[in-house]
Amino acid sequence: MKSLIASTLLVGTLLSFGCAARVIIPGPPMARVEVIGVAPSVLHVWDPGHYVRVEGRWEWVDGRWIVAPRRGAMWVPGRWESRRGDWFWVEGRWR
């Protein structure tokens with residue numbers, strides 16, 4: 001009888017945890033090594049490549065040259081951030 005009660009309590013505990021379980025997606029793979037050529041002009045800066053989630057899988061987006069809005073502008077590249085087990089893309093921006 002004790003083992004039946006213990007088993008019932010164990011199953012109940014496991015089920016209660018199972019109901020609250022979340023699917024946690026692992027973060028993006030390490031960024032690829034990119035060969036960066038010569039900038040097209042002094043106003044161009046390199047925006048590094050990164051991974052995006054497409055239909056449940058990670059796909060690589062190649063880096064690219066982008067034109068600064070003004071001289072001295074600094075590009076802050078986009079990045080992935082983890083918040084409570086979920087991954088979010090933070091867009092790059094100019095400073």
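One can find the structure itself at the top, above this paragraph.
Residues numbered from 1 in each chain as written. Predicted model: local features only at pLDDT ≥ 70, side-chain atom pairs only at ≥ 80, totals over all residues. Heavy atoms only, no water.

J.: Where do I start with the overall build of the protein in this structure?
T.: When helices and strands are tallied, the protein shows one helix and eight strands. The N-to-C order of helical and strand elements in the protein reads α-β-β-β-β-β-β-β-β. By residue count, 17% of the 95 residues in the protein fall in the buried class. Sequence separation of 24 or more characterises 40% of the internal contacts of the protein that already satisfy a separation of 6 or more. When the accessible area of the protein is evaluated, it comes to approximately 7700 Å², of which 63% is carbon and sulfur surface. (Helix = DSSP H or I, 4+ residues; strand = E, 2+ residues; numbered from the N terminus. Buried < 20%, exposed > 50% of the residue type's maximum accessible area, 1.4 Å probe, protein only. Contact = heavy atoms within 4.5 Å. Areas by Shrake-Rupley, 256 points an atom, 1.4 Å probe, with all protein chains shown as cover.)

J.: Quick question: what am I supposed to make of the packing of aromatic side chains here?
T.: The way to describe two aromatic rings as a pair is by their centre distance and the angle between their planes. In this structure the tally under the stated criterion is five aromatic pairs. On the basis of an interplanar angle of 70° and a centroid distance of 4.9 Å, the ring pair of Tyr51 and Trp60 is categorised as edge-to-face. Per residue, the accessibility class of Tyr51 equals that of Trp60, and both read buried. Grouped by ring-pair contacts, the aromatic residues Trp58, Trp80 and Trp89 constitute a single cluster. (Phe/Tyr/Trp six-rings, centres within 6.5 Å; stacked < 30°, edge-to-face > 60°.)

J.: How should I be thinking about the environment of Val61 in this particular structure?
T.: Tracing the chain through its elements places Val61 in strand β3 (residues 57-61). For Val61, a relative accessible area of 32% translates into the label partly exposed. Separated by ten residues in sequence, Val61 and Tyr51 have C-alpha atoms that sit 5.9 Å apart. Setting aside residues up to four positions removed in sequence, Val61 forms contacts with Gly49, His50 and Val52.

J.: How do you make sense of a nonpolar patch on the surface when you look at a structure like this?
T.: Taken together, the side chains of Val42, Leu43 and Val67 make up a nonpolar region of the molecular surface, amounting to roughly 270 Å² of accessible area. Within the secondary structure, Val42 sits in the loop between α1 (2-19) and β1 (44-47). (Patch = residues over 30% accessible without salt bridge, like charges linked within 9 Å, V, L, I, M, F, W, Y side chains within 5 Å. Salt bridge = Lys/Arg side-chain N within 4 Å of Asp/Glu carboxyl O.)

The analysis is restricted to geometry; functional conclusions fall outside its scope.
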